[in-house]
Amino acid sequence: MIEDGILKAISSDGTIRAVIATTTNLVADARKRHGLSFTATAALGRALTGASLLASFMTKQGQVTLKFQGNGPLGAMMVDASPKGTVRGYVENPEVELPLNSLGNFDVGAAVGSTGYLHVTIDRGFGMPHQSTVELETGEIGEDINRYLVDSEQTGSIVITGTHLTSEGVEAAGGLIVQLLPDANEDTVCQLENNVSTFGSFTFLMRQGMGIEEILSRILQGFDVRPITEVLPLKFHCKCSMERFVEALKVLDKESLLSMANEDGHAEGRCHFCNEVYQVGKDRLIDLTNRVTD
Ligand SMILES: [Zn+2]
């Protein structure tokens, strides 16, 4: 299986920029961590890919957070990604399974819901984070992210995200964003539209053995394109840790800590984003109460 990675490129005439990612392993990781159904894997997989692509627009630091709040049975879906190649996320109801849609695909649109909102927060690591909200277009993720880009950047974009799953697990996942820059003319638009119509499915191309550069040249056929970065590895990574869990316990009062120690025998916390469980034993809890002043 090819490694997960992300690559940015620009056309030599400066009319198009593109970013492309393969995310098979990190989507498989998310599926295992959260015990995701097929439908939930397809949905969260697309969202993890989309967040990774958007995060690449930032420079070296910061974070992009996407919250899909639709009226479908999956409930809220939250993902965040950094330009350093890390991404994490979860869905409120990971076990929801729906029948395939009329095209024979996982029905992500129905699972997320086509009525609701996509909230996007861009935190550049300095100043106030920038928040924006768009109405969901279809709940299919790619189209919703496209709507956000059109609304926020007033520029034409192509957003493609896909997750291919079999009973064996995640076989391929990835996606791309192509954006027209201000110098783009009618010919560029026509050529791109033509490329999109003959592109096929991202995960199908991956399963044919095509790598990230080959898929990029396919979507940008007819343009002289040069990568502007090396392929940056991508992975599912969460910021939580035992230390952070203990820090969170320290804000509790002495009484709550003692009752956890004496009644439960431990304190337990589960991270929403990665499903890691942290346990602090009785002795450590009692030790913590000695440091709490109240
Ligand atoms: Zn975590």
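Residues numbered from 1 in each chain as written. Predicted model: local features only at pLDDT ≥ 70, side-chain atom pairs only at ≥ 80, totals over all residues. Heavy atoms only, no water.

Novice: Looking at this model, I keep getting lost on the overall build of the protein chain. Mind explaining?
Specialist: Of the regular secondary structure elements, the protein chain holds 10 helices and 14 strands. For a compact globule of 294 residues, the expected C-alpha radius of gyration is about 19 Å, and the protein chain comes in at 21 Å, within 12% of that figure. Of all 294 residues assigned to the protein chain, the portion counted as buried reaches 49%. Partitioning the contacts of the protein chain with sequence separation of at least 6, the portion at a separation of at least 24 is 64%. If you average the places of the 24 positive and of the 38 negative side-chain charges in the protein chain, the two averages end up 7 Å apart. (Helix = DSSP H or I, 4+ residues; strand = E, 2+ residues; numbered from the N terminus. Rg over C-alpha atoms; globule rule 2.2 N^0.38 Å. Buried < 20%, exposed > 50% of the residue type's maximum accessible area, 1.4 Å probe, protein only. Contact = heavy atoms within 4.5 Å. Lys, Arg positive; Asp, Glu negative; His and termini not counted. Charge placed at Lys NZ, Arg CZ, Asp CG, Glu CD.)

Novice: Quick question: what am I supposed to make of the packing of aromatic side chains here?
Specialist: Scanning the entire structure with this criterion turns up 4 aromatic pairs. Taking 6.4 Å as the distance between ring centres and 50° as the angle between the ring planes, the aromatic pair formed by Phe 199 and Phe 202 counts as tilted. Overall, Phe 199 belongs to the buried group, its relative accessible area being 1%. Over the aromatic face of Phe 57 sits the side chain of Arg 17, whose NZ or CZ is 4.3 Å from the ring centroid. Residue placement shows Arg 31 over the ring face of Phe 38; its charged tip is 5.1 Å from the ring centre. (Phe/Tyr/Trp six-rings, centres within 6.5 Å; stacked < 30°, edge-to-face > 60°. Lys NZ or Arg CZ within 6 Å of the ring centre and 35° of its normal.)

Novice: When you look at the coordination of the zinc ion in this model, what are you seeing that I'm missing?
Specialist: Under ideal tetrahedral coordination, the four donors around a metal are separated by 109.5 degrees; under ideal octahedral coordination, the six donors are separated by 90 or 180 degrees. Coordination of the zinc ion by the protein is provided by Cys 238 (SG), Cys 240 (SG), Cys 271 (SG) and Cys 274 (SG), with metal-donor distances spanning 2.2 to 2.3 Å. Metal-centred angles of 99 to 114° between the 4 donor atoms at the zinc ion mark the site as tetrahedral. Read in sequence order, the donor residues for the zinc ion give the motif C-x1-C-x30-C-x2-C. Here the residue Cys 238 occupies a position in the loop between strand S12 (235-236) and helix H8 (242-249), and Cys 271 occupies one in the loop between strand S13 (266-270) and strand S14 (277-281), the gap between them amounting to 33 residues. Relative accessible area serves as the criterion here: at 12%, Cys 238 is assigned to the buried category. Classification of Cys 271 by relative accessible area gives buried; the value is 13%. (Donors = N, O, S within 2.8 Å, 3.2 Å for Na, K, Ca; no water. Tetrahedral: all angles 85-135°; square planar, octahedral: opposite > 155°, others 65-115°.)

Novice: Explanation requested: the packing of helix H9 (residues 254-264) against helix H10 (residues 282-289) in the structure shown.
Specialist: Each packed pair of helices is defined by two parameters, the angle between the axes and the distance between the axes. Across the interface, H9 lies against H10 with an axial gap of 9 Å and an inter-helix angle of 165°. Between H9 and H10, the interaxial angle falls into the category roughly antiparallel. For the element pair H9 and H10, the recorded crossing hand is left-handed. Where H9 abuts H10, its residues Lys 254, Leu 257, Leu 258, Met 260, Ala 261 and Asn 262 lie against Lys 282, Leu 285, Ile 286, Leu 288 and Thr 289. The class makeup of the residues in the contact of H9 with H10 is 7 nonpolar, 2 polar and 2 charged. (Axes fitted to C-alpha atoms, helices over the stretch in contact; angles between N-to-C directions. Parallel < 35°, antiparallel > 145°, perpendicular 65-115°, else oblique. Left-handed = near helix turned anticlockwise from the far one by under 90°. Nonpolar A, V, L, I, M, F, W, Y, C, P; charged D, E, K, R; others polar.)

Novice: What am I meant to see in the nonpolar core here?
Specialist: Membership of the largest hydrophobic core comes to 53 residues, with the highest contact counts inside it found for Leu 66, Phe 68, Met 77, Val 112, Leu 118 and Ile 145. Per-element accounting of this core gives the leading share, 10 residues, to helix H2 (residues 38-55). Domain assignment of the residues forming this core places at least three in each of domain 1 (5-236) and domain 2 (242-289). Once you skip the residues sitting within four places of it in the chain, Phe 68 turns out to touch Ala 47, Gly 75, Ala 76, Met 77, Val 112, Tyr 117, Leu 118, Leu 136, Ile 141, Asp 144 and Ile 145. (Core = buried A, V, L, I, M, F, W, Y, C linked by side-chain atoms within 4.5 Å. Domains from an automatic or database assignment.)

Novice: Can you help me understand the side chain of Thr 39 in this one?
Specialist: Looking at where Thr 39 falls in the secondary structure, it is placed in helix H2. Since its relative accessible area comes to 0%, Thr 39 is described here as buried. With residues up to four places along the chain from it excluded, the contact list for Thr 39 reads Val 96, Glu 97, Leu 98, Phe 106, Asp 107, Val 108 and Ala 111.

Novice: How should the pairing of strand S5 (residues 86-91) be read in this particular structure?
Specialist: Here is the key point about a regular strand: its side chains alternate between the two faces of the sheet. Burial runs high along S5: 5 of the 6 residues are buried. As paired elements, strand S4 (residues 77-81) and S5 share 5 bridges and run antiparallel to each other. By the bridge assignment, Met 77 is partnered in S5 with Val 91. Taken together, S4 and the strand that follows it, S5, pair antiparallel across an intervening segment of 4 residues, in which Gly 85 is found at a positive phi of about 95°. As defined by bridge partners, S5 adjoins S12 across 2 bridges and the pair is classed as parallel. Paired with Val 87 across the bridge in S12 is Phe 236. (Pairing = 2+ DSSP bridges.)

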